[in-house]
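# Commentary on secondary and tertiary structure
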Amino acid sequence: MKIIPTNKRLLVSLFDTDTEEDARTFILPETARVPEEFTRAVILSVADDVTAGENLRAGNEIVFPTHLVETVVIGIEEISLVSASHVVCVVRR
């Protein structure tokens, strides 16, 4: 299935926030965890009406407020979208 974002949205792949470095000495239920303020993701696809030039292209890493990610379930696939205007910065390595 091919997903094409529209309305100035970006199709993104979110970074996994659970890493071994983040291991805790005790386990909290998911409902007790405080979400990170910002989320990192890699852009998979860009809507045709996004005009941010080189910055918002497939493959670039971006940062945006966590609460603004839009999660859509299509069949068994879960996709993540974010509005291009909510991108705080592009990470270049």
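All values derive from a computational prediction rather than experimental measurement.

### Let's talk about the pairing of strand 3 (residues 61-65)
Of all five residues in strand 3, five are buried; the element is thus mostly enclosed. Of the pairings in the sheet, the one linking strand 2 (residues 38-46) to strand 3 comprises five bridges and is antiparallel in character. Looking at strand 3, one finds that Val 42 is bridged to Glu 61. Pairing between strand 3 and strand 6 (residues 89-91): three bridges, direction antiparallel. For Glu 61, the partnering residue across the bridge sits in strand 6 and is Val 91.

### Some thoughts on the nonpolar core
Grouped together as the largest cluster of nonpolar side chains are 12 residues: Leu 10, Val 12, Ala 41, Ile 43, Ala 47, Val 50, Leu 56, Ile 62, Phe 64, Val 82, Ala 84 and Val 87. Those elements giving two or more residues to this core turn out to be strand 1 (9-14), strand 2 and strand 3. Ignoring sequence-local partners within four residues, the contact set of Leu 10 consists of Pro 5, Ile 43, Ser 45, Val 46, Val 50, Leu 56, Ile 62, Ser 80, Leu 81, Val 82, Ala 84 and Val 87.

### Section: the sheet that holds strand 2
Read across the open sheet, the six strands follow the order 4-5-1-2-3-6; overall the sheet is antiparallel. Of all strands in the sheet, those bounded by a partner on one side alone are strand 4 (70-74) and strand 6. Adjacent strand axes in the sheet meet at a mean angle of 45 degrees when their direction is disregarded.

### Re the packing of aromatic side chains
Applying the stated criterion across every chain, the model contains zero aromatic pairs. The ring of Phe 15 is capped by Arg 40, whose NZ or CZ atom sits 4.1 Å from the centre of that ring.

### Regarding the pairing of strand 1
Residues in a regular strand project their side chains so that they alternate between the two faces of the sheet. Of the strand pairs in this sheet, strand 1 and strand 5 (residues 77-83) are connected by four bridges, and their pairing is antiparallel. When the bridges of strand 5 are listed, Leu 11 appears paired with Leu 81. As paired strands, strand 1 and strand 2 are joined by five bridges and run antiparallel to one another. Counted as the bridge partner of Ser 13 is Val 42 from strand 2.

### Notes on the pattern of salt bridges
Scanning the entire structure with this criterion turns up four salt bridges. Connected via shared salt-bridge partners are Arg 40, Glu 61 and Arg 93.

Each value, and the rule that gives it
- Residues numbered from 1 in each chain as written.
- Predicted model: local features only at pLDDT ≥ 70, side-chain atom pairs only at ≥ 80, totals over all residues.
- Heavy atoms only, no water.
- Buried < 20%, exposed > 50% of the residue type's maximum accessible area, 1.4 Å probe, protein only.
- Helix = DSSP H or I, 4+ residues; strand = E, 2+ residues; numbered from the N terminus.
- Pairing = 2+ DSSP bridges.
- Core = buried A, V, L, I, M, F, W, Y, C linked by side-chain atoms within 4.5 Å.
- Contact = heavy atoms within 4.5 Å.
- Axes fitted to C-alpha atoms, helices over the stretch in contact; angles between N-to-C directions.
- Phe/Tyr/Trp six-rings, centres within 6.5 Å; stacked < 30°, edge-to-face > 60°.
- Lys NZ or Arg CZ within 6 Å of the ring centre and 35° of its normal.
- Salt bridge = Lys/Arg side-chain N within 4 Å of Asp/Glu carboxyl O.

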